[in-house]
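Chain residues, written in single-letter form:
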Amino acid sequence: MSAILALTMALALTACGGSNSSDTSSDAADTPPTETETPADTTVTPGVGDDGVFTVGMECAYAPYNWTQMDDSNGAVPIKGSSEYANGYDVMIAKRICEAYGWELEIVRTDWNSLVPGIQSGLYDAVIAGQSMTEDRMEQVDFAGPYYYASIVCVAKDGSPQASAKGISELTGTATAQIETIWYDTCLPQIKGAEIQTAAETAPAMLMALETGAVEFICTDIPTAKGAVAAYDDMVILDFTDTEDNFQVDEGDINIGISLKKGNTELKDAINKVVSALNKDNFDNLMDYAVSIQPLNQ
């Protein structure tokens, strides 16, 4: 029984693809940072069924948040219905939640556009997939978290005219971002000199558009950008965060959350107890570790 179905029963009784590779960068640590340990507390209303399975949806193609690899190295977990494994920041966060309550983690791979519908239909208990906590999404799902704070940046080719830009007003040329993200819908339109191209279906497709010259720059968040420059040594990050010539975004646009079915307060509270024990430094250190072990072709 999935966690979401079990929670529904409990409420009735009482009244949230890329290339496959296991090659990782050479500076990978042996284990992820554990600055703050979340104490287990299985006496709290757990929010899972008798089988104790926490089913999580993600793309498994969105490094460094999540990716697919061919083995269980660096703590990767099996992807349901395949012989492959999932790893990344999102998997590490999901594992921490499961460890706190003694749950078994089940990863379901799906495409970006299916994440919210999958939560709404109960295919998974939560989506942990680098989703911004936007007002539009919060009308469709509930969010636990944030479990990361991700500023918005651009990425360009090193040595290109775009790479010398000191703010978004100096950016010109062809650009894209991933479909149905604030990067494409909210941020790119703020760049007056951008010639906005068709949205990329996935984060890897967005990066490939830049790498192959289909576009001259992309808009994304800082973790995805860090993963990009780790994988492609000819890319550079354009971070205008500390300038006045930067993207204008709401707090929800940069707060990354765990989406849950509307009204699933039991599971939301249980997850929040775990993620609230971690601070921004913990998040950043864990994300840096994820970047260090990501497959180089993600």
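The structure under discussion appears in the preceding block.
The rules behind these values
- Per chain, residues are indexed from 1 in the order of the written sequence.
- Totals for whole chains, interfaces and linings use every residue, but because this is a predicted model, local features are given only for residues with pLDDT of at least 70 and side-chain atom pairs only at 80 or more, for both listing and counting.
- Excluded from the side-chain calculations are hydrogens and water; all other atoms, namely the structure's heavy atoms, are used.
- Note: two strands are recorded as paired if DSSP finds a minimum of 2 bridges between them.
- Helix and strand definitions follow DSSP, with helices as H or I runs of at least four residues and strands as E runs of at least two, each counted in order from the N terminus.
- When the strands point away from the viewer and the connection leading from the first strand across the helix to the second strand turns clockwise, the crossover is called right-handed.
- Working rule for helices: expected span equals 1.5 Å times residues minus one.
- Each residue gets one of three labels from its accessible area relative to the maximum for its type: buried under 20%, exposed over 50%, partly exposed in between, using a 1.4 Å probe on protein chains only.
- For this text, the term disulfide refers to a pair of cysteine sulfurs within 2.5 Å.

Chemist: Explain the pairing of strand β10 (residues 193–196) to me, please; I cannot follow it from the model alone.
Modeler: In regular strands, side chains alternate between the two faces of the sheet. One ladder, built from 4 bridges, connects strand β9 (residues 172–176) with β10; its direction is parallel. Bridging across to β10, Thr174 finds its partner in Glu195. You can see the chain leave β9, run along helix α5 (residues 182–187) and come back into β10, and the turn it takes is right-handed.

Chemist: Could you clarify how one ought to interpret helix α2 (residues 89–101) in this entry?
Modeler: One turn of the α-helix equals 3.6 residues, which is why residues spaced by three or four share an orientation. Taking 1.5 Å of rise per residue, 13 residues should cover 18 Å, and α2 covers 19 Å from first to last C-alpha, within 8% of that figure. Among the 13 residues that make up α2, 11 are buried, leaving the element largely enclosed by the rest of the structure. Here α2 has its buried residues at Tyr89, Asp90, Val91, Met92, Ile93, Ala94, Arg96, Ile97, Cys98, Ala100 and Tyr101.

Chemist: Please clarify how the state of the cysteines should be interpreted in this entry.
Modeler: Put plainly, a disulfide is one covalent bond tying together the sulfur atoms of two cysteines. Tallying each qualifying case throughout the model produces 0 disulfides. Lacking any disulfide linkage, Cys219 is separated from the closest cysteine sulfur, that of Cys187, by 4.6 Å. By relative accessible area, which is 0% here, Cys219 ends up buried.

Chemist: Please clarify how unusual backbone geometry should be interpreted in this entry.
Modeler: Apart from glycine, the bulk of residues carry a negative phi angle, and the bulk of peptide bonds sit in the trans form. Following Ala63, the chain continues into Pro64 via a peptide bond in cis, with omega recorded as 5 degrees. Inspection of the secondary structure assignment puts Pro64 in the loop between β1 (53–58) and β2 (67–69). Following Gly145, the chain continues to Pro146 via a peptide bond in cis, the omega torsion being 15 degrees. Turning to its location among the elements, Pro146 is positioned in strand β7 (residues 142–149). Backbone geometry at Cys60 places phi at a positive 60 degrees, although glycine is not the residue there. As for its placement among the helices and strands, Cys60 is situated in the loop between β1 and β2.

It is worth stressing that arrangement in space is one thing and function is another; only the former is reported here.
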